[in-house]
Structures are given as structure tokens and as C-alpha cells.
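Chain by chain, the residues run as shown.
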Amino acid sequence: MLFEPIKIKDLTIKNRIVMSSMCMYSSSDGFPTDWHKIHYGSRAAGGAGLIMSEAAAVEPRGRISPYDLGLWKDEHIAGLKNLVDICHDFGSKVGVQLAHAGRKAESYGPWERRGAETKGSTEAIAPSAIPFGQNWHTPNEMSVDDIENVKTSFLNAVKRAVKVGFDIIEIHAAHGYLLNQFLSPISNIREDSYGGSFENRQRLLLEIVKEAKNLIPNSTPLFVRLSCVDYVQGGVTIEDTVKIAKNLKDFGVDVIDCSSGGIAEEETREEFPCFQCSFAEKIKSETGVMTMAVGAITEYDQAENILKNKQADLVAFGRKFLRNPYFPTQWAKEKGIDFEVPLQYKRGWM
Ligand SMILES: Cc1cc2nc3c(=O)[nH]c(=O)nc-3n(C[C@H](O)[C@H](O)[C@H](O)COP(=O)(O)O)c2cc1C
């Protein structure tokens, strides 16, 4: 099943293999660089059906690092269009992941040397003034105006993503970033209509999704990435996430991209093969929405079984793609599956 096409709305993806979103920390002022052309281009040449972009910031202070990709100004459109065109030439579809880091915004890149100074950016904003962890700056609690501005930033980024020509738009509401911070009681203790009750904590994400749907062509699928569990006492559980997923489905979301964790330093997350697949399965079976499985999936049989057992509709790979951009072609050839490779590389796969 891994190499069978899948149709989501009017979009046909040639196989179920997805490159998961992965920050490359190689942008300059949000613009893609030559690195991105090589990186995304080779995964497309390697046979990925769908390539999800790394987190693209909707505003500069929402960047995970100063080197994040961005879609906060119109000038970003042309470079991203070029990247999408490169991947389309190889037959891959491309999705953009729109993100805001909230209290996890950083003023350093991950491989920049730093001493003992406090982590995070002093400009970071969050639903409540609670730091991510011990040695982190306390974020600035957002006013209702700040919330409106962030919503506008997401929606403007959606409009730009449509202009770029992305095949899919994904809202990043996982990994402890801003929209996840609103969803979780660990990071959201607001007392207004955006905090407190479970319903209030979902409000910002649902408002963004509802308005985004009006800006996206009917044929373009909308994905949402969720952290299905917080792994923190008193945090979001899979039962909560099933309810959120149900609401997202009702608001027109096509696929829930099922990840987990990232909300606070004290989380107790353990990684093992397919450790997030049960979340994708539960959400799919209990809500009927399509799901994407991700997390420590590295073997062909694992991926096949996820699809055969109806745990998910798409299988995403992160670090495996960093190690080998050509594993889709390699798997197809090993299994005797008819598979298009770029003409220039044909002699390497005969
Ligand atoms: C270098 C790197 C950067 C990542 N950046 C993002 C990101 O921008 N957005 C996101 O949702 N997940 C990000 N992730 C998480 C991956 O998308 C994926 O969920 C995770 O690596 C688990 O999948 P894997 O076991 O196949 O690597 C990143 C992971 C890595 C290794």
C-alpha cells in the first residue's frame, strides 16, 4: 500500500511516503537558500510522494531560531515557489507547515555556541507568563490584541502559501509551540475566553482553521499537526486530542498529523518504534478523519503494516530522510515495485 497513490480532495499524491517537517536552520531572514534547493530537491528526486516543509514562521518573533524559514512577508513568496517547482518537476507534492514558536522562540540557532545564558527570546509571547523550563526566559503574556495579531499573521501566511502554490497547508499546533501552548493546561492558565476550559483552550486554533478554510481553494487539503499527548501530569491526553480532532474535522480539516510531546521541559517521553502510531490509529478510528503517522518508523514492513492495519493514511519519516533521500526508490526496487526514477539516474537503478 505504501506505493499506492492516495487522493485527498482533488490532490493525488503518488505514494504514501511523506517527508516530515524538519527545520534546517539555514534560512536568511526567512528566505530559502541554496541549501533548501538541494535538500528538498534531493528528497523529491529520491521519490517522496509528499514533502512537508520545515516550520515556516508566520511572524519573525515566532521563529524557533533566527534561521527559520518564513512566510511573514510577500517577498518570501518567490523563493518558496521556486522550491515547490523544483519538487514538482520530480513528481512530489509539497506542503507548507505554518508555525509560531510562542514561548519556545529562540534567539540562537541550535548549533550556535552558547554559555550558561537563559534560553529563549526575551520577546517571546505565550498564552500565559510561564516559562518552558528552568533556565528559560518567562514569556510575555499575550493581550487579546496580541492574539488577534497572531491570528492575522497566520491568515496572511495562509494567503501567501496559496500564492506560492503549495499543494497542502498545515497548521503546526504540536511540539509545544504557540498553538499547542494554547491547547494545553500546562502552558495556558488564562482566565479569558482563550483559556481555562477545554473549549476555550481550543478557541484560537479553531478560529484560525475556520478562517483559513475561507482563504484556501476547495481543492487544497488542510492538515493540522497535533501533539496527541503532553507526557506531563495534568496535561493533554489522547482522549482530549480525539475530541480536538473531531472538532477540527467538523471545521474541514482533512488530515491530522499525529505527533506528541514538547510542551514542557519536565515531559517524560519515551521513544520506541512507531511510538506515536497508536495515537494516529485512535484518532482515525474514533473520528473518521484521515491521519498521518510519524515517529521512529524506519522499516518498510512497519510502514506497510501501519497502512494495512488502518492506523493511518500517510506515513511520515523524519530522520530517515536525513540519512538517505533515496530510500523510497531503494524500497521500491527491493520490493520489485514499478517506480519512476529521474531519467538522469535510471542507469543507477537498472
Ligand atoms: C532536524 C529536525 C528538525 C525538525 N523540525 C520540525 C519542524 O520544523 N516541524 C515539526 O513539526 N517537526 C519537526 N521535527 C520533528 C519531525 O517532523 C518528526 O516528527 C520527528 O523527527 C519524528 O520522526 P522520525 O522518528 O521519523 O525522525 C524535526 C525533527 C528533526 C530531526
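In the block above lies the structure referred to throughout.
Now for a look at the structure at hand. (Residues numbered from 1 in each chain as written. Predicted model: local features only at pLDDT ≥ 70, side-chain atom pairs only at ≥ 80, totals over all residues. Heavy atoms only, no water.)

1. Quick notes on the state of the cysteines
Applied cut-off: Any cysteine sulfur atom paired with another within 2.5 Å is treated as part of a disulfide. Relative accessibility thresholds used throughout: buried, under 20% of the residue-type maximum; exposed, over 50%; partly exposed, between the two (1.4 Å probe, protein chains only).
Using the criterion set out here, one finds 1 disulfide in the structure. Cys23 forms no disulfide, and the closest cysteine sulfur to it belongs to Cys87, at a distance of 17 Å. On the accessibility criterion, Cys23 (19% relative accessible area) is buried. The thiol of Cys228 is not disulfide-bonded; the next cysteine sulfur, from Cys258, is found 4.3 Å away. By relative accessible area, which is 0% here, Cys228 ends up buried.

2. A few points about the site of the ligand
The test is simple: Nearness is defined per residue: one heavy atom within 4 Å of the molecule or strand is enough. Any pair of nitrogen or oxygen atoms within 3.5 Å is treated as a polar contact; in protein, a donor-acceptor pairing is required on top of that, and neighbouring residues in sequence qualify only through side-chain atoms on both sides. All accessible-area figures derive from a Shrake-Rupley calculation using a 1.4 Å probe, and residue coverage is judged against the displayed protein chains alone. For each structure, a 1 Å grid was placed over the protein atoms alone; sets of points admitting a 1.4 Å probe that cannot get out are labelled cavities, open sets with protein on both sides within 12 Å along at least five of seven lines are labelled pockets, and lining residues have an atom within 4 Å of a point. To be counted as sitting in a cavity or pocket, a molecule needs more than half of its atoms within 2 Å of that site's grid points.
Ser20, Ser21, Ala296, Gly318 and Arg319 are the nearest of the 15 residues found near the ligand. Contacts to the ligand include Gln97, whose side-chain N or O atom sits 2.8 Å from a nitrogen atom. Backbone polar atom of Ala296 to an oxygen atom of the ligand: 2.6 Å apart, as the coordinates give it. Contact with the protein chains removes 81% of the 610 Å² of surface that the ligand exposes when unbound. The cavity that encloses the ligand is the largest pocket.

3. Considerations on unusual backbone geometry
Positive phi, normally seen in glycine, also occurs at Tyr231, with a value near 60 degrees. Positive phi values are uncommon outside glycine, yet Cys274 reaches one of about 65 degrees.

4. Some words on the side chain of Arg225
Filter applied, for reference: Counting from the N terminus, the helices are the DSSP runs of H or I reaching at least four residues and the strands are the DSSP runs of E reaching at least two. Contacts are assigned to residue pairs with any non-hydrogen atoms lying within 4.5 Å of each other.
Relative to the helices and strands, Arg225 resides in strand S10 (residues 222–227). Looking at Arg225, the relative accessible area reads 4%, which means it is buried. A polar atom in the side chain of Arg225 sits 2.8 Å from the side chain of Asp257. Setting aside anything within four residues of it in sequence, one finds Arg225 in contact with Ser20, Gln97, Glu170, Ile171, His172, Ala173, Ala174, His175, Asp257, Ser259 and Val294.

5. Structural notes on the environment of Ile337
Note on placement: Ile337 falls in the segment after helix H10 (327–334). A sequence separation of 130 residues divides Ile337 from Glu207, and the C-alpha atoms of the two residues are 43 Å apart. With residues near it in sequence (within four places) discarded, Ile337 still touches Phe3, Tyr300 and Ala332.

6. Here's the deal with empty space enclosed by the protein
The criterion, for reference: Grid points are joined across faces, edges and corners, and a volume is the space filled by probe spheres set on the points. As a working rule, the residues Ala, Val, Leu, Ile, Met, Phe, Trp, Tyr, Cys and Pro are called nonpolar, Asp, Glu, Lys and Arg charged, and the rest polar, with Gly in that last group.
Evaluation of the coordinates by the stated rule reveals 2 cavities of 30 Å³ or more. The space that makes up the largest cavity amounts to roughly 60 Å³. If you trace the largest cavity, you find it lined by Tyr40, Ser53, Leu69, Leu80, Leu83, Val84, Cys87, Val94 and Phe166. When the residues that make up the lining of the largest cavity are grouped by side-chain class, the tally is 8 nonpolar, 1 polar and no charged. Estimates place the volume of the second largest cavity at around 40 Å³. Every residue lining the second largest cavity is listed: Asn180, Leu183, Leu226, Ser227, Asp230, Val236, Thr241 and Ile244. Among the secondary structure elements, those contributing two or more residues to the lining of the second largest cavity are helix H4 (178–183), S10 and helix H6 (238–250). Counted by class, the lining of the second largest cavity contains 4 nonpolar, 3 polar and 1 charged residues.

7. What about the side chain of Gln276?
Structurally, Gln276 can be placed in the loop between strand S11 (255–259) and helix H7 (277–287). A relative accessible area of 2% means that Gln276 is categorised as buried.

8. Comments concerning helix H8 (residues 300–308)
Basically, it comes down to this: Here the arc refers to the set of directions running from the helix axis out to each C-beta atom.
Taken residue by residue, H8 has Tyr300, Ala303, Glu304, Ile306 and Leu307 as its buried positions. Angular distribution of buried residues about the axis of H8 spans 155 degrees; they occupy a single face of the element. Buried-residue contacts for H8 involve H7, strand S12 (290–294), strand S13 (314–317) and H10. Just beyond H8, the residue with positive phi is Lys310, at close to 55 degrees.

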